[in-house]
Amino acid sequence: MSGVERYSDAVTTGRVGEERDRAVFEYALVRVVPRLERGECVNAGVIVYCQERAFLAARSALDERRLLAVAPEADVEGVRRALAAVESLCRGGAEAGAAGRERPGQRFRWLTAPRSTIVQPGPIHGGLTEDPSVEVERLLDRLVR
């Protein structure tokens, strides 16, 4: 099978080759943009969604020193509460309110919609994974910590 056919299969089925069981996933960084007019941001978390596995999760790791270096007046506790709300919405359920009852894909699209707030999503990227829960930690380590 040619590389083009294999890539096409991966896109349509979420699988690459017969020997692997990898699924397509999407992710977005969660950024803190304390002064919108300056455009400076601090990566503070990641959201991972895998439709095939009905998986949605977010993890955050706020570097308070980095945030305060960019914006000494930043409301660190407010940012922490906003990041916790993102994680809660990804988990779903009653604690996430009405939106927590939506399907994972709907919650991911809502969380990654562009907004002009201090805590906001970055662009959506994609990839292939054998285990989306491992990707959450890998991306957090690589892009946030």
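Scroll up for the structure.
Quick look at the structure, then. (Residues numbered from 1 in each chain as written. Predicted model: local features only at pLDDT ≥ 70, side-chain atom pairs only at ≥ 80, totals over all residues. Heavy atoms only, no water.)

1. Concerning the pattern of salt bridges
Logical step 1: Here the structure, examined in full by the defined rule, presents 11 salt bridges.
Logical step 2: We note a salt bridge from Glu40 to Arg38, for which the minimum N-O separation is 2.9 Å.
Logical step 3: Between Arg145 and Glu137 there is a salt bridge, and its shortest N-O distance comes to 3.8 Å.
Logical step 4: Residue Glu137 is classed as partly exposed on the basis of its relative accessible area of 29%. (Salt bridge = Lys/Arg side-chain N within 4 Å of Asp/Glu carboxyl O. Buried < 20%, exposed > 50% of the residue type's maximum accessible area, 1.4 Å probe, protein only.)

2. Details of the nonpolar core
Logical step 1: One finds Val32, Ile47, Leu62, Leu67, Val79 and Leu83 to be the most contacted residues of the largest nonpolar core, which totals 21 residues.
Logical step 2: Looking at this core, the elements that each hand over two or more residues are strand E1 (23-32), strand E2 (42-50), strand E3 (55-60), helix H3 (76-91) and helix H4 (104-111).
Logical step 3: Considering each element in turn, this core owes the most residues, 6 residues, to H3.
Logical step 4: Setting aside its immediate chain neighbours within four residues, Ile47 contacts Glu26, Tyr27, Ala28, Val30, Leu56, Ala57, Ala58, Val86, Cys90, Phe108, Leu111 and Thr112.
Logical step 5: Ranked by size, the runner-up nonpolar core spans 13 residues in total, among them Ala23, Val48, Leu139 and Val144. (Core = buried A, V, L, I, M, F, W, Y, C linked by side-chain atoms within 4.5 Å. Helix = DSSP H or I, 4+ residues; strand = E, 2+ residues; numbered from the N terminus. Contact = heavy atoms within 4.5 Å.)

3. Points about the sheet that holds strand E4 (residues 119-129)
Logical step 1: Here 4 strands make up an open sheet; going across it, the order is E3-E2-E1-E4 and the pairing antiparallel. The strands lining the two open edges of the sheet, one partner per strand, are E3 and E4. Taken pair by pair, the neighbouring strands of this sheet meet at an average axis angle of 20°, ignoring direction.
Logical step 2: Pairing of E1 with E2 involves 7 bridges; the strand directions are antiparallel. Paired with Leu29 across the two strands is Val46, which belongs to E2.
Logical step 3: Against the sheet, H4 engages E1, E2, E3 and E4, with an angle of about 155° to E2.
Logical step 4: Seen against the sheet, helix H5 (residues 132-143) touches E1, E2, E3 and E4 and runs at an angle of roughly 160° to E2. (Pairing = 2+ DSSP bridges. Axes fitted to C-alpha atoms, helices over the stretch in contact; angles between N-to-C directions.)

4. Looking at unusual backbone geometry
Most peptide bonds are trans, and most residues other than glycine sit at a negative phi.
Logical step 1: The backbone phi angle of Ala54 is positive, close to 50°, even though this residue is not glycine.
Logical step 2: Mapped onto the fold, Ala54 is located in the loop between E2 and E3.
Logical step 3: The class of Ala54 is exposed, set by a relative accessible area of 55%.

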